[in-house]
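One-letter residues, chain by chain:
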Amino acid sequence: MRGKLLPLASLYLVQGLPYGLQSGLLPVLLRARGLSLTRVGLTKALYAPWLFKLVWAPLVDARGSARAWLMCSTAALGLVCGLLAGLPPAEAGQAGLPGTVVGLLLLLNLGAAVQDVALDTLAVQLLEPAELGPGNTVQVVAYKLGSALAGGGLLALLPILSWPLLFLLLAATYWLAAALAWAAPALRRLPQPQPSGHSPYTLHHLQDLLTVPGTLWTAGFVLTYKLGEQGANSLFPLLLLDHGTSALDLGLWNGVGAMACSIAGSFLGGALLTRQWQLLPLLKSVLQFRFGGLACQTALLFYLNTPGASLGPGTILRGAALLSLCLQHFLGGLVTTVTFTGMMRCSQLAPSALQATHYSLLATLELLGKLLLGVLAGALADSLGPRLCFSFLLTLSALPLLYLDLAPSTLL
């Protein structure tokens, strides 16, 4: 199994780099330059190419091998990073990012989305049912490590190195990963899937996807399970920044510290699944803990607006606020690993010629649920106020708990 997990870990780590760059660096950089929460939230629209994975997932199923798609998309990401190295970030006094940088970031997301389809297809084909727990732990942990390296790590290193040098390092990393995708023995041994009986982009193709056991329930769950959590994770660090927490502290706690806790939660989720814990009962317990953690975060936010409340150095409130970031990321990592295991288990029930498209359907809905509140959370906070907004997010986080009662037995 190690021969399978090591190349997957390396490739998923590289896949997390664009997300970390745009979720860890850009929001803090733009907020520090005075942009509103609404405008900072709208930068998440750069993730739009991820919502169209279903356009090219059937091509990965039907044209060439997933390994070739993976190698080409990863090499293309290195080229885009090389171009970004020659362009400056936002200058002081500029309202946002330069248009050319925005265009290249969109291309970066396009390449990363194609890479995601190809790599997930390889994972679905490569892993045996008994290997799904460790395999999805590797997937989530490595992705988050890549995100942390490009997010919190990049934010910390930017003053020491430079924007061009950092992107040249990213380009070299992508080109090394492309070589790994082509040369890894475990990936070279995968058989070519047989073509589907139906052409892509037809009604029959969609019907084949939806008739896979458990698909409709899983699609509804992945669309909603992160709504409250993602909105809170997008807003809470920025609200702490507004109340006097430094960007350096946020880079440490919300970047490195919170990511370390998220990775620990993912490891725990994989370990529990490996020890034969049933997926749905485990998921329900984790979601209950997550609801409690978000309730504590909401209470902290209410208290911040009372007279005398302070986030000054050494205060209990400051410590509680920063630790709450770590707690929520720990629980988020745990629930993500368990959920992705359920998604992959559902996709393995599909015919091999549909597995790339099937998993991409679920992954696209999962991303859509996260982006929906990630983009709108700032506007909700600006219009409703932070306290009412967090009360709404807390209500949303209760919905997946109710939805679990409708789960089919095929996903146990």
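Residue numbers run consecutively from 1 along every chain, following the written order of its sequence. Since the coordinates come from a predicted model, pLDDT governs what is reported: local features require at least 70, and pairs of side-chain atoms require 80 or more to be given and counted, while whole-chain, interface and lining totals use all residues. Water and hydrogen atoms play no part in the side-chain values, which are based on all heavy atoms of the structure.

Named according to an unreviewed UniProt entry, the chain is Major facilitator superfamily domain-containing protein 3 originating from Carlito syrichta.

To qualify as a helix, a DSSP run of H or I must reach at least 4 residues; to qualify as a strand, a run of E must reach at least 2; elements of each kind are numbered from the N terminus. Along the chain, the regular secondary structure elements total 18 helices and zero strands. Remark: exposure states derive from per-residue accessible area (1.4 Å probe, protein chains only) relative to the maximum for the residue type, with buried under 20%, exposed over 50%, and partly exposed in between. Taken across its 412 residues, the chain has 54% of its residues classed as buried. In what follows, a contact means two residues having at least one pair of non-hydrogen atoms within 4.5 Å. Across the chain, contacts joining residues at least 24 apart in sequence account for 86% of those joining residues at least 6 apart. For the chain, the computed accessible surface area is about 16600 Å², with 71% contributed by carbon and sulfur atoms. Surface accessibility in these figures is a Shrake-Rupley result with a 1.4 Å probe; residues are shielded only by whichever protein chains are displayed.

Here we come to a nonpolar patch on the surface. Only residues whose relative accessible area exceeds 30% and that form no salt bridge are eligible for patches; like-charged ones are grouped when within 9 Å, while nonpolar side chains (Val, Leu, Ile, Met, Phe, Trp, Tyr) are grouped when within 5 Å. A carboxyl oxygen of Asp or Glu within 4 Å of a side-chain nitrogen of Lys or Arg is what we treat as a salt bridge. A cluster of nonpolar side chains, Leu-157, Ile-160, Leu-161, Leu-165, Leu-168 and Leu-169, forms an exposed patch at the surface whose accessible area comes to about 530 Å². Tracing the chain through its elements places Ile-160 in the loop between helix H8 (152-157) and helix H9 (163-183). In this structure Ile-160 comes out as exposed when scored by relative accessible area, which is 63%.

The subject of this paragraph is the confidence of the model for the chain. When pLDDT is averaged along the chain, the result is 81, and 89% of the positions lie at 70 or above. Every residue is assigned a pLDDT by the predictor, reflecting its confidence on a scale from 0 to 100. When pLDDT is averaged over each element of the chain, helix H12 (residues 215-224) comes out on top at 92 and H8 at the bottom at 71.

Right, let's talk about the packing of helix H4 (residues 53-62) against helix H17 (residues 355-384) for a bit. One can describe the packing of H4 onto H17 by two numbers: an axis separation of 8 Å at closest approach and a directional angle of 160 degrees. When the axes of H4 and H17 are compared, the pair comes out roughly antiparallel. The crossing of H4 and H17 is right-handed. From H4, Lys-53, Leu-54, Ala-57, Pro-58, Val-60 and Asp-61 reach across to H17, where they touch Gln-355, Ala-356, Thr-357, Ser-360, Leu-361, Ala-363 and Thr-364. Under this grouping Gly is polar, as are all residues other than the nonpolar Ala, Val, Leu, Ile, Met, Phe, Trp, Tyr, Cys and Pro and the charged Asp, Glu, Lys and Arg. Here the residues of the contact of H4 with H17 are counted per class, giving seven nonpolar, four polar and two charged. Inter-axis angles, ranging from 0 to 180 degrees, are taken between N-to-C directions of lines fitted to C-alpha atoms, where helices are fitted over the stretch in contact. Each angle is binned into one of four classes, with values under 35 degrees roughly parallel, values over 145 roughly antiparallel, values of 65 to 115 roughly perpendicular, and all other values oblique. Crossing handedness: left-handed means the near helix sits turned counterclockwise from the far one by under a right angle, and right-handed means the same turn made clockwise.

Here we take up the UniProt feature "transmembrane region" (unreviewed entry) in the chain. UniProt positions are given in the numbering used here, feature names are shortened, and annotations may be inferred rather than shown by experiment. UniProt records the feature "transmembrane region" (unreviewed entry) at residues 165-184, 252-274, 286-304, 316-338, 359-378 and 384-404, using the numbering of this structure. The straight-line gap between the two end C-alpha atoms of residues 316-338 is 33 Å; of that span, 100% is helix and 0% is strand. Across residues 359-378, the secondary structure splits into 100% helix and 0% strand, with the terminal C-alpha atoms separated by 30 Å.

Taken as a whole and judged by the stated rule, the model has four salt bridges. Where Glu-229 meets Lys-226, a salt bridge forms, and the shortest distance between an N and an O atom there is 2.7 Å. Classification of Glu-229 as buried rests on a relative accessible area of 4%. For the salt bridge of Glu-229 with Arg-290, the shortest nitrogen-to-oxygen distance reads 2.8 Å. Taken together, the residues span a long stretch of sequence, with Glu-229 in helix H13 (residues 227-242) and Arg-290 in helix H15 (residues 279-304) at a distance of 61 residues.

Below, the discussion takes up helix H6 (residues 99-126). Here, expected helix span is obtained from the residue count minus one, scaled by 1.5 Å. The end-to-end C-alpha distance of H6, which contains 28 residues, comes to 40 Å, matching closely the 40 Å that a straight helix rising 1.5 Å per residue would cover. Among the 28 residues of H6, 20 are classified as buried, and the element is accordingly described as predominantly covered.

Here we come to the environment of Gln-230. Examined against the element boundaries, Gln-230 turns out to sit in helix H13. On the accessibility criterion, Gln-230 (12% relative accessible area) is buried. Distance from Gln-230 to Val-375, taken between C-alpha atoms, is 9.7 Å for residues 145 residues apart in sequence. Residues contacting Gln-230, with those up to four places away along its chain left out, are Tyr-19, Lys-370 and Gly-374.

Our next topic: empty space enclosed by the protein. Both cavities and pockets are sets of points on a 1 Å grid over the protein atoms alone; in a cavity a 1.4 Å probe fits but cannot get out, in a pocket the set is open with protein on both sides within 12 Å along at least five of seven lines, and lining residues sit with an atom within 4 Å of a point. Grid points are joined across faces, edges and corners, and a volume is the space filled by probe spheres set on the points. Within this structure, the stated rule accounts for three cavities of 30 Å³ or more. The volume enclosed by the second largest cavity comes to roughly 80 Å³. As for the second largest cavity, its lining consists of twelve residues, and the residues nearest its centre are Trp-217, Leu-279, Thr-339, Gly-342 and Met-343. Among the elements of the structure, H12, H15 and helix H16 (316-347) are those that each provide at least two residues to the lining of the second largest cavity. When the residues that make up the lining of the second largest cavity are grouped by side-chain class, the tally is nine nonpolar, three polar and no charged.

So, on to the nonpolar core. Soluble globular proteins: nonpolar side chains tend toward being buried together. Here, nonpolar core refers to any group of buried Ala, Val, Leu, Ile, Met, Phe, Trp, Tyr and Cys residues whose side-chain atoms link them within 4.5 Å. Within the largest apolar cluster, 81 residues are counted, with the highest numbers of intra-cluster contacts made by Leu-8, Leu-21, Leu-105, Phe-167, Phe-221 and Leu-283. Considering each element in turn, this core owes the most residues, 14 residues, to H6. The split into domains, and so the bounds of each, comes from an automatic or database assignment of domains. Here this core spans two domains, since at least three of its residues come from each of domain 1 (1-200) and domain 2 (204-411). One finds Leu-37, Val-40, Leu-241 and Leu-300 within the second-largest nonpolar core, a separate group that totals 28 residues.

Moving on, we get to the packing of H15 against H16. For the pair H15 and H16, interaxial distance at closest approach is 9 Å and the crossing angle is 155 degrees. Classified by the interaxial angle, the pair formed by H15 and H16 is roughly antiparallel. Crossing angle aside, the handedness with which H15 passes H16 is left-handed. Residues belonging to the contact of H15 with H16 are distributed by class as follows: 19 nonpolar, seven polar and two charged.

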